[in-house]
Amino acid sequence: MTSVPASPTARPGLSGFDLREQVARLGVWVALGVVLVVGIVAVPNFATAANADAILRQAAVLGIVALGQTFVVLTGGIDLSVGMLMGLVTVLANGIMGGDPALILPIVLLALGCGLVTGVANGLGVVAARVDPLIVTLAMLSVLQGVIFIYTDRTVGSAPAEFRDLAYGSIGPIPTPALLLGGLAVVCWVILARTPFGRYVHAVGSSAQDARKAGIPIDRIRLAAYVVCSVLAAIAGLVLAARLGSGFTGAGAGFELSSIVAVVVGGTALSGGRGGVAGTLAAVLLLTILATMLNLLGISPFAQRVVNGVVIVVAVAVYTAQRREA
Amino acid sequence: MGPATDREPHAPGPPGHLDEPPVIELRGVAKAFGIVRALDGVDLAVRPGSVHALVGENGAGKSTCIGIIAGVHRPDAGTVLVRGTPTRFAGPAAAEAAGISVVYQEQSLVPDLDVAQNIYLHREPRRGPFLDTRRLYRDCTAHLERLAIPVAARAPVRGLSVAERQLVEIAKALSRDASLIVMDEPTASLTSVEQEHLFRVIEDLRAAGRAVLYVSHRLDEILAITDTATVLKDGRLVRTMPTAATSHQELVTLMVGRELVADLYPPRPASIDRSGPPRLSVRDATIAAGGQSAIEDISLDVWPGEIVGLAGLIGSGRTTLLRTIVGVEPGATRGVQVDGVEVDPSPSAAIAAGIGFVTEDRKLEGLALDLTNLANLVSTTLPARRGVYQAAAGRAIAETAADRASLPRRVLGARSRTLSGGNQQRVVVGKWLAIGPRVLLCDEPTRGIDVGAKADIHALLRGLAESGMAIVMASSDLPEVLGVADRVLVLREGRLVAELPGGVTEATVMAAAAVGGDTLGDSGAAGAGGTAGNDGTMTAGDADEPPMGGR
Ligand SMILES: Nc1ncnc2c1ncn2[C@@H]1O[C@H](COP(=O)(O)OP(=O)(O)OP(=O)(O)O)[C@@H](O)[C@H]1O
Ligand SMILES: [Mg+2]
């Protein structure tokens, strides 16, 4: 427009700002590295091919659901219904298939359909009814639990061998579920980092009012995030069904919390706006490896829940402290 | 702005292309928020090639009017016409599609995205279904260069100063090739260099046949750059007239509804007693970050009863210095004493020592927007007995603070978000008055405040000083600094480069603030001798420039 001499160059941002950003982004990778080294050096039977294989298989279920949770948390929301949705998918899949491989394709479609419906319902509750996501998804959790118990009150059905390959097969040296997780993670990363939709997910979570002023359809973005989350949870439910081999009604319990733990430990702000799936993936590996180590050291699996609880508070405290200074 | 303005007024251009239909027209528009009638039957027409001023007191409805034009608010009654066609905007996206772009008063940048991502938000360059990141940064850098805005395209918005964000907000609005650009107080945190620059941009827009709707409380700006002015009062249209046919005095009278002796700064005391110990003493405040220091070796003393003004361009370190004094800048080294007692670098220590800090950035730091005004006003004091909050005491404190900041008591129960921008500023000022500070640091204390209330705040600051408080005031509104302060410290690139008495000319200060200060020569620093400069607090400035204080 005009060529006026620039006013003196402003100093770059606040001092040290970038460093802190880097810590927030890389902290989880450093922790992952430390835990790996400790495991390899100090934990017997840790550094074995069998253990690596087991860790990757175990990480897949949590990883896939945590990818979806990342979308919702980035928009500033939260989804407590993912665990119960995984449980429903497990029960329905194994219950309906009853060992019949011909039903695999219909079951996959049914699971994705369940995800779609749940996601749309959650999303509408949040954006159309304007109810707090905590309440909406807690209510959804209750609804899904009801549906599970209407369908059955005991462990039902079984998974055909072909279906169980989803959890126990390998493609080349790589476990199938890990490959699925990797593929989905890449897709999610591309969506979040390289598409307008991903940009808007961040913008809505960072400041919904301002995103709206820029013309972003914030309701549609939020709705879409819940749909992505539920569909991924349904896929995680399928892997879980293959892993368990039968329709256990309590299969999905705890995944709502552990997926949120993974997202937060991975550096995504609970208030939305910053973070991404790379950190979530690292956190999933970190949590899975921690659990395996506790296992190998003969510590009760229930202690792992204590660890989960402690880890989330520590992670949030660390990230919040950084943010307060920034 | 004060009478000391030495900027040359831009010649008002032709009064728009009268034959073309208005880009935007409001007819009988009304809007209420609950029981508050923010707008009531307002008519407004902005023509291509015109710079149209919208003025009024705080809460008069200017921003609401803009919200309706921008599709943020939907009118309860009345019609909005775009180029003669009645239109109902479904949302901001629809207004944008109609060629309307807005510089929002409270800024609309998304803090977690960077500058380029914000400027092109929702209009990202794409390659197929993907973002074209390279083109985004290339376009953005070119755009910022064209506007001579010294901000990096990749800088995260969260780390920018308020003024930098203001510039980015302007760049964002100008990147949209809009036929109507609405600016809600675009200069509120800009210093005169950037203002000048913006005015030239506006002149270019006018020449290119665009329409500009311009809101400001700085009436001199209105008189200098606009050709038509519309005055609102209490949500109603008072009058629309050619700017050339009005005056500062008339605008004020129309806005306030009564005659007001505008632009009279409170009288300074004849002399200030600097024989005793200083109330606030700052020694060698430095932030060494990487190779570049944000501020370097700044020392100053402020005596009871004194108002010290901080002047300087954007990025000169005014805000950083104040933040360093209250102990919220990480990595700073400094010695701060209040009445001879050392103050630790933490906000709670600062409050305990009686340092109040009116922050510049009310949206992010100054106010909890979703709390009530009462809660915000008592947030600095929180009267409690045995850990239980004392509601009655809190209300009393809030009421006193509201009165002192001339905020109407009836809004105490409302959420701060529902206040107009200027009234939010009064809450920020009020909450620091509540602690009964011994030292008051003010960063842009009158940002976005209307003329009448501005004079109130100036009088308030003077009154507080007279009661023994030591006040440091940073402001980008130079006439204000010169009119109110007893002493003016000029910062440039993080250093204290000059100390001048209050009441020197703007040119004197600008010369010191901008480059060497060597142009200063005979432009009126005379008479500076008496005030300070002999108390040893002043750094003489860089070796290559003459000391400017005592001549
Ligand atoms: N979201 C809201 N909810 C409730 N009341 C509101 C809201 N927005 C504005 N108001 C009220 O509407 C009136 C007009 O406000 P507006 O922001 O338009 O004033 P303004 O002229 O822009 O003032 P300023 O100069 O202080 O920016 C005020 O009384 C304000 O409190
Ligand atoms: Mg306003």
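Just so it is clear, the structure is predicted and the values come from calculations on it, not from any experiment.

J.: Help me understand the domain arrangement of chain B in this model?
T.: The parts lose accessible area when they come together, and the size of an interface is often stated as this lost area. All names here are of chain B. Under the domain assignment, chain B is made up of domain 1 (1-99 + 178-260), domain 2 (107-177), domain 3 (261-354 + 445-551) and domain 4 (362-436). Computed over C-alpha atoms only, the centres of domain 1 and domain 2 are separated by 25 Å. Taken together, the contact pairs 14 residues of domain 1 with twelve residues of domain 2. When the buried area of domain 1 at its contact with domain 2 is split by residue, Glu-96, Ala-178 and Ser-189 rank highest and sum to 37% of it. One can count two salt bridges joining domain 1 with domain 2. Asp-177 is the partner of Arg-210 in a salt bridge, and the nearest nitrogen-oxygen pair spans 3.1 Å.

J.: Explain the site of ligand 1 here, please?
T.: Residue and element names in this part refer to chain B. Around ligand 1, 19 residues are found, and the nearest of them are Lys-62, Ser-63, Thr-64, Thr-418 and Gly-422. Between ligand 1 and Ser-63 there is a distance of 2.7 Å, counted from an oxygen atom to a side-chain nitrogen or oxygen. Between ligand 1 and His-217, the relevant distance is 2.8 Å, taken from an oxygen atom to a side-chain nitrogen or oxygen of the residue. Compared with its free state, where it exposes 640 Å², ligand 1 has 83% of that area covered by protein. Elements represented by at least two residues in the shell around ligand 1 include exactly β2 (36-46), α1 (62-69) and α14 (421-433). Sorting elements by how many residues they give to the shell around ligand 1 places α1 first, with three residues. Across the shell around ligand 1, the residue classes break down as five nonpolar, eleven polar and three charged. Structurally, the shell around ligand 1 is a two-domain feature, drawing no fewer than three residues from each of domain 1 (1-99 + 178-260) and domain 4 (362-436).

J.: For this particular structure, what's the right way to read the environment of Val-316 of chain A?
T.: Residue and element names in this part refer to chain A. Here Val-316 is to be found in helix α13 (residues 301-325). Among the residues examined, Val-316 registers a relative accessible area of 29% and is labelled partly exposed. The spatial distance from the C-alpha of Val-316 to the C-alpha of Leu-270 is 8.5 Å, given a sequence separation of 46 residues.

J.: Could you clarify how one ought to interpret the sheet that holds strand β9 (residues 180-184) of chain B in this entry?
T.: Hydrogen bonding along the main chain pairs the strands of a sheet, whether they run parallel or antiparallel. All names here are of chain B. In space, the six strands of this open sheet follow the order β6-β9-β10-β3-β11-β12, with mixed pairing throughout. Every other strand in the sheet has two partners, leaving β6 (100-103) and β12 (236-242) as the edge strands with one partner each. Here the strands of the sheet are splayed against their neighbours by 15 degrees on average, with no regard to which way each runs. In this sheet, β9 lies alongside β6 in parallel orientation, the contact comprising four bridges.

About the thresholds
Residues numbered from 1 in each chain as written. Chains lettered and ligands numbered in written order. Predicted model: local features only at pLDDT ≥ 70, side-chain atom pairs only at ≥ 80, totals over all residues. Heavy atoms only, no water. Domains from an automatic or database assignment. Contact = heavy atoms within 4.5 Å. Buried area = accessible area lost by both parts, 1.4 Å probe. Salt bridge = Lys/Arg side-chain N within 4 Å of Asp/Glu carboxyl O. Near = heavy atom within 4 Å. Polar contact = N/O pair within 3.5 Å; in protein donor to acceptor, adjacent residues only side chain to side chain. Areas by Shrake-Rupley, 256 points an atom, 1.4 Å probe, with all protein chains shown as cover. Helix = DSSP H or I, 4+ residues; strand = E, 2+ residues; numbered from the N terminus. Nonpolar A, V, L, I, M, F, W, Y, C, P; charged D, E, K, R; others polar. Buried < 20%, exposed > 50% of the residue type's maximum accessible area, 1.4 Å probe, protein only. Pairing = 2+ DSSP bridges. Axes fitted to C-alpha atoms, helices over the stretch in contact; angles between N-to-C directions.

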